[in-house]
Amino acid sequence: MLPKAVMTKAQSELLDWNGLGTSVMEVSHRSKEFIALTDRAEADLRELMSIPANYHVLFMHGGGRGQFSAVVNNFLGKNGRALYLESGSWSSSAVAEARKLTSDGQIDTIDLLVEDNGVKRVQLPDFSAANDDYRYLHYCPNETVDGIEIFDDINCPWPIVADMSSNIMSREIDVSKFGLIYAGAQKNIGPSGLSIVIVRDDMLKLPSLPQSSIMDYRLAVKHGSMYNTPPTFAWYLAAEVFDWLKQKGGVSAMAEVNDKKAQCLYQFIDSCDFYENRVGQANRSQMNVVFYLKDETLNDTFLNQAKAAGLVALKGHRSVGGMRASIYNAMPLEGVEKLVEFMKDFAEKNS
Ligand SMILES: *Cc1c(COP(=O)(O)O)cnc(C)c1O
């Protein structure tokens, strides 16, 4: 979901942006008006996330998955090694991509998931005595498909690369603890296709592999994310979302609402025998609430009736089944309350 205020503004200026008499899609990405937009977008994102000066902010192509390969090609060179933590579907996809691009022995993995009685939780390794020479550690703080979030910091001697596609700006984080943060835009920022990369400048000294120029961080830095024509409309909408976030009180204000939203939904699920959640308390995602009807034969009826009530996109990912409520920044508390009301009603009628 994108903020309605942003969509309405985009609609109103679709044919005439900035008094130019043309759409933002029709102006040159090198025009002074568009450059003013990108400067503002970067400044706003830096402010929202308190990004330190020794980090570059890049607006790139290729979504979240594009970065799975970009990270490898930019940081591993011919024989560098990296450690990947696995906690669900997306972190495992990142491993598969990394293995495809490297030789045996370059990519090590640790499975973080522990399961007791069908409930999954994350157990972080103790790296205090680790002495491997990894170029980076990769992990995914919020597993979008599985509804598993890692709130604790990872303490390790290597630069941390984090896939924050589905939880960027959902709560405050300390950017200085990361070597690189990336996020496909379509969950908390704007339209798909665009990805945000926040990279510490010393990371760019690592040896890279020959690679596609448009995914090369060094070229992106050098050309202000305009080595080739950037996804200008997506960039424009992202800038509008940043503006909206600032007006709403920034990331801390979002975090407060996100916490309320998630609490509201999880508390209801826990209190009602009709539904269940299979993630341990400490790792329940604030953004993606995955839940199951105990009687799964009612799944289709649930989805159809939800849709009729204006509650859409509730079907869980095909790999895990069940239901998933993605309650990103733009989803208001009222949206979650409406869902809970519907779920309560459905449970009463079908128990
Ligand atoms: C959605 C998602 C991706 C993939 O994004 P694409 O833009 O579809 O490539 C990667 N990682 C996470 C955590 C995601 O939620």
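Remember, it's a predicted structure, so these values are computed and weren't measured experimentally.

So, about the overall build of the chain. Within the chain one finds 9 helices and 14 strands. Taking 351 residues into account, the globule formula puts the C-alpha radius of gyration at 20 Å, and the chain, at 21 Å, falls close to it. Dimensions of the chain, computed from the C-alpha atoms along their principal axes, are close to 60 × 60 × 30 Å. The long-range share in the chain, meaning contacts at least 24 apart out of those at least 6 apart in sequence, stands at 68%. Accessible area of the chain: about 15,800 Å², with a carbon and sulfur share of 49%. In the chain, the 35 positive side-chain charges and the 44 negative ones have mean positions that sit 4 Å from each other.

It is worth spelling out the site of the ligand at this point. Around the ligand sit 13 residues, and of these Arg-65, Thr-144, Asp-163, Gln-186 and Lys-187 come closest. The contact in question runs from an oxygen atom of the ligand to an N or O atom on the backbone of Arg-65, over 2.8 Å. Thr-144 is positioned with one of its side-chain polar atoms (N or O) 2.5 Å from an oxygen atom of the ligand. In isolation the ligand exposes 390 Å². Once the protein is present, 87% of that is buried. Here the shell around the ligand gets 4 residues from one element, more than from any other, and that element is helix α3 (residues 63-75). Within the shell around the ligand, the residues separate by chemical class into 3 nonpolar, 7 polar and 3 charged.

This part covers helix α2 (residues 32-49). The end-to-end C-alpha separation of α2 is 26 Å, in line with the 26 Å expected for 18 residues at 1.5 Å each. Of all the residues in α2, the buried ones are Phe-34, Leu-37, Thr-38, Ala-41, Asp-44, Leu-45, Leu-48 and Met-49. Along the axis of α2, the buried residues cluster in a sector spanning 130 degrees; they form a single face. Summarising the geometry of α2, the exposed residues directed more than 90 degrees from the buried face are Lys-32, Asp-39 and Glu-47. Buried residues along α2 sit in contact with β1 (55-60), β11 (195-200), α6 (232-247) and α7 (250-271). Of the residues trailing α2, Ser-50 is marked for its positive phi of about 45 degrees.

Taken together, Leu-14, Leu-15 and Met-25 make up a surface patch of nonpolar side chains, about 320 Å² in accessible area. Take Met-25: its relative accessible area is 47%, and that puts it in the partly exposed class.

Moving on, we come to the sheet that holds strand β12 (residues 275-276). Ordered by their spatial adjacency, 3 strands build an open sheet running β12-β13-β14, and the pairing between neighbours is antiparallel. Of all the strands in the sheet, the pair left with one neighbour each is β12 and β14 (323-326). Judged from the 2 bridges that link them, β12 and strand β13 (residues 288-293) form a sheet pairing that is antiparallel. In the strand pairing of β13, Tyr-275 is matched with Leu-293.

Let us look at the pattern of salt bridges. Applying the stated rule across the entire model yields 19 salt bridges. Residues Glu-13 and Lys-9 are paired through a salt bridge, measuring 3.5 Å at the closest nitrogen-oxygen approach. The residue Arg-218 makes a salt bridge to Asp-216 at a minimum N-O spacing of 4.0 Å. Note on Arg-218: relative accessible area 23%, which makes it partly exposed. By sharing partners, the salt bridges in this structure join Lys-9, Glu-13, Arg-40 and Glu-240 into a single network.

Contact geometry for α2 and α6: axes closest at 9 Å, N-to-C directions at 45 degrees. As far as their axial angle goes, α6 and α2 are oblique. Classified by chirality, the crossing of α6 by α2 is left-handed. Here α2 contributes Phe-34, Leu-37, Thr-38, Arg-40, Ala-41, Asp-44, Leu-45, Glu-47 and Leu-48 to the contact with α6, which in turn contributes Thr-232, Trp-235, Tyr-236, Ala-239, Glu-240, Phe-242, Asp-243, Leu-245 and Lys-246.

This brings us to the environment of Gly-64. As for its placement among the helices and strands, Gly-64 is situated in helix α3. C-alpha of Gly-64 to C-alpha of Val-161: the two residues are 97 residues apart in sequence and 13 Å apart in space. In this structure, Gly-64 is in contact with Ser-165, Tyr-182 and Gly-184, ignoring residues within four places of it in sequence.

Its identity as a non-glycine residue notwithstanding, Asn-18 has a phi of 60 degrees, on the positive side. For Asn-18, a relative accessible area of 48% translates into the label partly exposed. With a phi angle near 65 degrees, Met-169 is a residue other than glycine that sits in the positive phi range. For Met-169, the location among the structural elements is in the loop between β9 (160-163) and β10 (180-184). Owing to a relative accessible area of 2%, Met-169 belongs among the buried residues under this scheme.

This part is about the packing of α7 against helix α9 (residues 333-350). With their axes 9 Å apart at the nearest point, α7 and α9 run at an angle of 10 degrees to one another. By the angle between their directions, the pair α7 and α9 is classed as roughly parallel. Facing α7, whose interface residues are Lys-260, Lys-261, Cys-264, Leu-265, Phe-268 and Ile-269, α9 presents Leu-333, Val-336, Glu-337, Leu-339, Val-340, Met-343 and Lys-344. Residues that form the contact of α7 with α9 fall into these classes: 9 nonpolar, no polar and 4 charged.

So, how was this worked out
Residues numbered from 1 in each chain as written. Predicted model: local features only at pLDDT ≥ 70, side-chain atom pairs only at ≥ 80, totals over all residues. Heavy atoms only, no water. Helix = DSSP H or I, 4+ residues; strand = E, 2+ residues; numbered from the N terminus. Rg over C-alpha atoms; globule rule 2.2 N^0.38 Å. Contact = heavy atoms within 4.5 Å. Areas by Shrake-Rupley, 256 points an atom, 1.4 Å probe, with all protein chains shown as cover. Lys, Arg positive; Asp, Glu negative; His and termini not counted. Charge placed at Lys NZ, Arg CZ, Asp CG, Glu CD. Near = heavy atom within 4 Å. Polar contact = N/O pair within 3.5 Å; in protein donor to acceptor, adjacent residues only side chain to side chain. Nonpolar A, V, L, I, M, F, W, Y, C, P; charged D, E, K, R; others polar. Expected span 1.5 Å × (residues − 1). Buried < 20%, exposed > 50% of the residue type's maximum accessible area, 1.4 Å probe, protein only. Arc of directions from axis to C-beta. Patch = residues over 30% accessible without salt bridge, like charges linked within 9 Å, V, L, I, M, F, W, Y side chains within 5 Å. Salt bridge = Lys/Arg side-chain N within 4 Å of Asp/Glu carboxyl O. Pairing = 2+ DSSP bridges. Axes fitted to C-alpha atoms, helices over the stretch in contact; angles between N-to-C directions. Parallel < 35°, antiparallel > 145°, perpendicular 65-115°, else oblique. Left-handed = near helix turned anticlockwise from the far one by under 90°.

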